[in-house]
Structures are given as C-alpha cells and as structure tokens.
Amino acid sequence: MAKIIAVANQKGGVGKTTSAVNIAAALGFNKKKTLLIDVDPQGNATSGVGIDKRSVKFSTYDLLVKNAKAEQVIIQTAFENLWVMPSGIDLAAAELEIMDMENRSYRMKQAIVSVKPQFDYIIIDCPPSLGLITTNALTAADTILVPIQCEYYALEGLSQLMNTVRRVKRQTNEHIELEGVLLTMYDGRLNLTQQVVSEVKRFFPKKVFSTVIPRGVRLSEAPSFGMPVIYYDKACKGAHAYLDLVAEMLRKER
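Residues numbered from 1 in each chain as written. Predicted model: local features only at pLDDT ≥ 70, side-chain atom pairs only at ≥ 80, totals over all residues. Heavy atoms only, no water.

(A) Local environment of the sheet that holds strand β2 (residues 34-38). Strand order across the open sheet formed by 7 strands is β3-β4-β2-β5-β1-β6-β7, with mixed pairing between neighbours. Two strands in the sheet have a free side with no partner beyond their single neighbour: β3 (75-76) and β7 (177-184). As judged from the 4 bridges shared by β2 and strand β4 (residues 82-85), these two strands associate in the parallel manner. Following the sheet pairing, L35 is matched in β4 by W83. Strands β1 (3-7), β2, β4, β5 (121-125), β6 (143-149) and β7 of the sheet are contacted by helix α1 (residues 16-29), whose axis makes an angle of about 165° with β5. (Pairing = 2+ DSSP bridges. Helix = DSSP H or I, 4+ residues; strand = E, 2+ residues; numbered from the N terminus. Contact = heavy atoms within 4.5 Å. Axes fitted to C-alpha atoms, helices over the stretch in contact; angles between N-to-C directions.)

(B) Here's a closer look at the environment of K3. Assignment of secondary structure puts K3 in strand β1. Reaching out from K3, the side chain makes a polar contact with the side chain of E179 at a distance of 2.8 Å. Engagement of the side chain of K3 in a polar contact is seen with the side chain of E253, the distance being 2.9 Å. (Polar contact = N/O pair within 3.5 Å; in protein donor to acceptor, adjacent residues only side chain to side chain.)

(C) Here's a closer look at α1. With 14 residues, α1 extends 20 Å from end C-alpha to end C-alpha; this agrees with the ideal 20 Å at 1.5 Å per step. Most of α1 is tucked away: 12 of the 14 residues are buried. Among all positions of α1, only K16, T17, S19, A20, V21, N22, I23, A24, A25, A26, L27 and G28 are buried. K31 sits one or two residues past α1 and shows a positive phi near 70°. (Expected span 1.5 Å × (residues − 1). Buried < 20%, exposed > 50% of the residue type's maximum accessible area, 1.4 Å probe, protein only.)

(D) Spotlight on the pairing of β1. The buried fraction of β1 amounts to 5 of the 5 residues, a majority that puts the element mostly inside the structure. With burial as the criterion, each face of β1 is covered, one bearing K3, I5 and V7 and the other bearing I4 and A6. Two elements, β1 and β5, share 5 bridges in a ladder whose sense is parallel. Along β5, the bridge assignment pairs V7 with D125. The pairing of β1 with β6 spans 3 bridges and is classified as parallel.

Structural data, given as structure tokens:
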C-alpha cells in the first residue's frame, strides 16, 4: 500500500515542484513504483516529467470535480517506475466548483483509494496556497514534506502552514505527520544560509533533513527539457542531492 507524501509550502519559489518531481523520479530510480500527482494549476510537475499538458485527455481537475476514475487519469512517463496524474489549467477553477460539494475535503482521498495498492509511493505536488486543493492533498496524505529556501524570509508563513496542518489533523486526517523539512537553494559559503539553517532547526527540532539541495544550473535547466535532473545530468550536484535525500528517506522508513 502506497505511502502518500504531500509536498507543500504556500510560499512560491521555494523549490516545491522541483522537489516533488525529483523525489518521485529518485524513488522510481530506487525501484519504488511511484505516482506523482500534480494538483498545482500551473502544471509544472506535469511538464517536468515530459508530459504535454495540452495533449492529456483527463487531468486532476477531472479527478476532483468530474468524478473521473484515477485509472483514467494516470499516465506512464518515460522514466523508470514513474507514473503521473497530470494537471491542467482547468484546475484553477476547481476550488470554487468543489466548494459546495459533499465531503469537499475528502475528494482526493476518495478518488485515489483504488490505486493506492498499485504503488509504493504517491507524491502530491500541492499548489502554492492553503486553499481547498491543498486541504484535499493533506487529507489524503500520510505525511507532509516542506521545502524551505535558504533565504531571509524562509520562515515567513510557515506558522500559517503548520496551523493548516494542525487544522487538517483535527478535522479530516488525524494521522498526518511531518515527513521533514527540506532546505533548498543551499549555498554553504553564505553566512545567511547558516543563520537560516539554525533558525529552521530551532523551529523544527529533529525534523530537518540532513541532505540539503544546492543551487545549480543543471537543476534549473532540467524542467525545460521535460526531465527530472537525475535523467538530465546524473553527475551534477542536484542529481546527487535528490538521490541522497531519497536514500535518507528510505533509511528512516526502515
């Protein structure tokens, strides 16, 4: 039965989608059958694994709003052990459309229950907001992974995110836990980076991954080629970092 991890931070530009795509790809590379669910209306996780958003027949919009079956939405990618549920621009309107529906916070959980036994991991790329779609993802998830960039405003808005997690735990998913906090855009030469790291560790004791994700040109280039970084340039620092991160996650699991 799949472990479901929601990758979330309502602050944009923190490496959320990059992390969701590359964690999913690295899990697949480690022989774990992995499903990447893109519920960000921008659809960057979809194009990041080489799927043309304009050509998909069913998307996560159909899953959440139109009661499409999960099996209809899943597409196999060109990468090892990696499948995706693509997003589309329609998803931008989904929050309004599910607002008045019965069990509106449980739509995602109910929709994917039939495919959970087929995978080892399900990674959900959440939108950069704390609305109903993110609530749906957190209600379906076992854990939440929070990427934080090593910059001045890193912790801004995090208490808001953790309040949302606590509300979800209270109302719709008592089992959700924090998978961990991932430091992205890391540059160890900067004093500011060290300050942010110690601040984040103070805020989340024992929950910060020891693996950090460095800034890197290859990491930034990979999505424009529709490839996770480990397939675009396996020798680069970014690829090594995501493989190390997944190794750390799998060790904790054991």
